[in-house]
Amino acid sequence: MAQMICISYLPWQSTPFRTQRLVTHLPDMEILFFQPAIGQPASSEGIHMLPNLTVYSLPASLFSQDLRPRTIRRGIELINQQMERNGFEEPLLWACTPVVALMLDDIPHHGLIYDCDRFWHHLPVTLESNLAYQADLILTASQGLEERLSLCNDNIAQIPWGTDAGLYASMEQERLPIPPDFEPICTCGPVFGYLGAVDHRLNLNPVLSAPAAHPDWQFVFLGKYSPKNPYLEDAELLENIHFLGSRPQALLPDYVYQFDVCFDLVHSTDPEDDIIPSRIYTYLLTGKPIAPSASGQPHLPRCDPQCGLHSGIYGQVRKSPAGAQSLGTAAAQALRCSGGLGGTVRENQSAHGLKRLPGRTYRGLRQGFSQGVSGNCTGVQTSLQKGNFP
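Rules and cut-offs
- Residues numbered from 1 in each chain as written.
- Predicted model: local features only at pLDDT ≥ 70, side-chain atom pairs only at ≥ 80, totals over all residues.
- Heavy atoms only, no water.
- Helix = DSSP H or I, 4+ residues; strand = E, 2+ residues; numbered from the N terminus.
- Buried < 20%, exposed > 50% of the residue type's maximum accessible area, 1.4 Å probe, protein only.
- Contact = heavy atoms within 4.5 Å.
- Areas by Shrake-Rupley, 256 points an atom, 1.4 Å probe, with all protein chains shown as cover.
- Phe/Tyr/Trp six-rings, centres within 6.5 Å; stacked < 30°, edge-to-face > 60°.
- Lys, Arg positive; Asp, Glu negative; His and termini not counted.
- Salt bridge = Lys/Arg side-chain N within 4 Å of Asp/Glu carboxyl O.
- Pairing = 2+ DSSP bridges.
- Axes fitted to C-alpha atoms, helices over the stretch in contact; angles between N-to-C directions.
- pLDDT = per-residue confidence, 0-100.
- Polar contact = N/O pair within 3.5 Å; in protein donor to acceptor, adjacent residues only side chain to side chain.
- Expected span 1.5 Å × (residues − 1).
- Arc of directions from axis to C-beta.
- Disulfide = S-S within 2.5 Å.

1. Thoughts on the overall build of the chain
So, step 1. A tally of regular secondary structure across the chain gives 13 helices and 13 strands.
So, step 2. Burial status across the chain gives 56% buried among its 390 residues.
So, step 3. Counting contacts in the chain only where the partners sit at least 6 residues apart, residues at least 24 apart contribute 70% of the total.
So, step 4. Carbon and sulfur atoms form 49% of the exposed surface of the chain, whose accessible area is close to 17,200 Å².

Laid out in structure tokens, this is it:
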């Protein structure tokens, strides 16, 4: 069986993130998945998440802005220890963070994938450029990332975030029950829902004015929220803003089904990033109207006025007028929309060759792309150009 190690800056989650979805579609590879140790010291004990995949933890400081040589050495030692224990010799190395550039010379590997799903503003640009230059294949989550990294490498495939179509398929087939803790909210007025975590960078300012102007509107945030968000204290003072926290993945459709309108917000530190978050794919899948962010579009800075997502999904997106300045204006227009978000689906062929990877690895990645990430969106078809594989 082929071998691979994956170094992820995100921990393994019950709600799979993009890389997690991709690697789970490589059943013919034995995988060691290394993640930051959150809230606990790094341990040599692994957790078998799948028959072919074991998760190990690395020092959380390894993924921070303060990269000390001793931390890098400790991370290398832990990885090499597990490689030796599991009989790994020269596996394929899947790197999800530029920090791996500091470890390449000390981790035996044969083949390097740089999986980039975000902008790394807080890390030295030389780290990412060195990693991208040495990579045999780069996977990016957006067109902007692809253009940026193409300066270092021309073997790039664009694989945007996706969502789990199977999880939300029941929304089209039946009327889902109202969760008990959601029923009091539904009876107060129209529900505007946000699906996803509220971290310290999320700009909640557009939400603060709309509830005051429309006291019957209910704004619901479904996901973990950080007390470090600078807007959170003011938002919690408003009776029609509700932070429900996270819910089990299997129950998410029951909550999202109750949304009258879905809305999006941007991070205050990354307003121009063109990475389409997973919730946008979920919003499109539900067929509900979308209230754009304050920029006048639903987190789609490169979106055509008549078309939706530029990263492989094309659909009619209900948008506010170009001059809209407030979430309230956009929300009011979205509330008036009665149609769905269906549209023409086109193929997006954004990869080049992929000629440097073994055929079995390519086939697994393609399956992960078509079934596990963007392909999970109903009706979305995405393809990668196939090159000459050994």
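2. A word on the packing of aromatic side chains
So, step 1. Per the counting criterion, the structure on display carries 14 aromatic pairs.
So, step 2. With a centroid separation of 5.6 Å and 40° between ring planes, the pair formed by Tyr194 and Phe263 is classed as tilted. In this pair, Tyr194 is assigned in strand E9 (residues 191–195) and Phe263 in strand E12 (residues 261–263), connecting sequence segments 69 residues apart.
So, step 3. For Phe263, a relative accessible area of 1% corresponds to the buried category.
So, step 4. Between Phe221 and Phe263, the aromatic rings sit 5.6 Å apart at their centres with planes inclined by 90°, giving edge-to-face as the arrangement. Pair noted here: Phe221 is in strand E10 (residues 218–222) and Phe263 is in strand E12, with a separation of 42 residues, a long-range link.

3. Description of the side chain of Asp254
So, step 1. You can see Asp254 is positioned in helix H10 (residues 252–256).
So, step 2. For the buried Asp254, no salt bridge is present, and the opposite-charge side chain at shortest range is Arg247, 10.0 Å distant.
So, step 3. Filtering out sequence-adjacent residues up to four positions away, Asp254 remains in contact with Leu176, Pro177 and Pro179.

4. Quick notes on the sheet that holds strand E11 (residues 241–245)
Pairing between the strands of a sheet is mediated by backbone hydrogen bonds and can be parallel or antiparallel.
So, step 1. With respect to topology, 5 strands assemble into an open sheet ordered E11-E10-E9-E12-E13, the strand pairing being parallel. The strands lining the two open edges of the sheet, one partner per strand, are E11 and strand E13 (290–291).
So, step 2. Sheet topology places E9 next to E10; 5 bridges connect them, and they run parallel. Paired with Tyr194 across the bridge in E10 is Phe221.
So, step 3. Set on the sheet, helix H8 (residues 205–213) makes contact with E10, E11 and E12; between it and E10 the angle comes to about 145°.
So, step 4. Strands E9, E12 and E13 of the sheet are contacted by helix H11 (residues 278–286), whose axis makes an angle of about 135° with E9.

5. Describing the environment of Val266
So, step 1. Structurally, Val266 can be placed in the loop between E12 and H11.
So, step 2. Val266 sits in the buried class, given a relative accessible area of 19%.
So, step 3. Measuring from C-alpha to C-alpha, the distance between Val266 and Arg201 comes to 8.7 Å, with 65 residues separating the pair along the chain.

6. Some thoughts on the sheet that holds strand E3 (residues 47–50)
So, step 1. The 8 strands lie next to each other as E3-E4-E2-E1-E5-E6-E7-E8, forming an open sheet whose pairing is mixed. What marks the edges here is a single partner per strand, and that holds for E3 and strand E8 (156–158). The mean angle between the axes of side-by-side strands here comes to 25°, regardless of whether they run parallel or antiparallel.
So, step 2. Strand direction decides the pairing type here: strand E7 (residues 137–140) and E8, joined by 3 bridges, are parallel. Looking across to E8, one finds that Ile138 is bridged to Ile156.
So, step 3. Here helix H3 (residues 125–134) sits on the sheet in contact with strand E5 (92–95), strand E6 (112–116) and E7, set at roughly 135° to E6.

7. Remarks on the confidence of the model for the chain
So, step 1. Scored by pLDDT, the chain comes out at a mean of 75, with 71% of its residues at no less than 70.
So, step 2. Low pLDDT, under 50, characterises residues 294–325; the predicted model gives this stretch 92 contacts beyond four residues in sequence or across chains.
So, step 3. This stretch, residues 338–390, has a pLDDT under 50; its non-local contacts, to residues over four places away or in other chains, come to 144 contacts.

8. Let's talk about the pattern of salt bridges
So, step 1. As enumerated under the stated definition, the model contains 6 salt bridges in all.
So, step 2. Where Asp115 meets Arg18, a salt bridge forms, and the shortest distance between an N and an O atom there is 2.5 Å. One end of the pair, Asp115, is in strand E6; the other, Arg18, is in helix H1 (residues 18–23), and 97 residues separate them in sequence.

9. What to know about the side chain of Arg279
So, step 1. Mapped onto the elements of the fold, Arg279 is located in helix H11.
So, step 2. The buried category is assigned to Arg279, whose relative accessible area is 12%.
So, step 3. One polar contact links Arg279 to Tyr194, side chain to side chain, over a distance of 2.9 Å.
So, step 4. If we skip the residues at most four places from it in the chain, Arg279 touches Tyr194, Leu195, Asp264 and Leu265.

10. Side note on helix H2 (residues 69–85)
So, step 1. For H2, with 17 residues, the first-to-last C-alpha span of 24 Å sits near the 24 Å given by 1.5 Å per residue.
So, step 2. Of all the positions in H2, only Thr71, Ile72, Gly75, Ile76, Leu78, Ile79, Gln82 and Met83 are classed as buried. Along the axis of H2, the buried residues cluster in a sector spanning 160°; they form a single face. What points out from H2, more than 90 degrees from its buried face, is the exposed set Pro69, Arg70, Glu84 and Arg85.
So, step 3. Against the buried residues of H2 lie strand E1 (2–7), strand E2 (29–36) and strand E4 (53–58).
So, step 4. Residue Gly87 follows H2 closely and has a positive phi angle near 75°.

11. Topic: the state of the cysteines
So, step 1. Applying the stated criterion to the full structure yields 0 disulfides.
So, step 2. Free of any disulfide, Cys116 has its nearest neighbouring cysteine sulfur in Cys96, separated by 9.7 Å.
So, step 3. For Cys116, a relative accessible area of 0% corresponds to the buried category.

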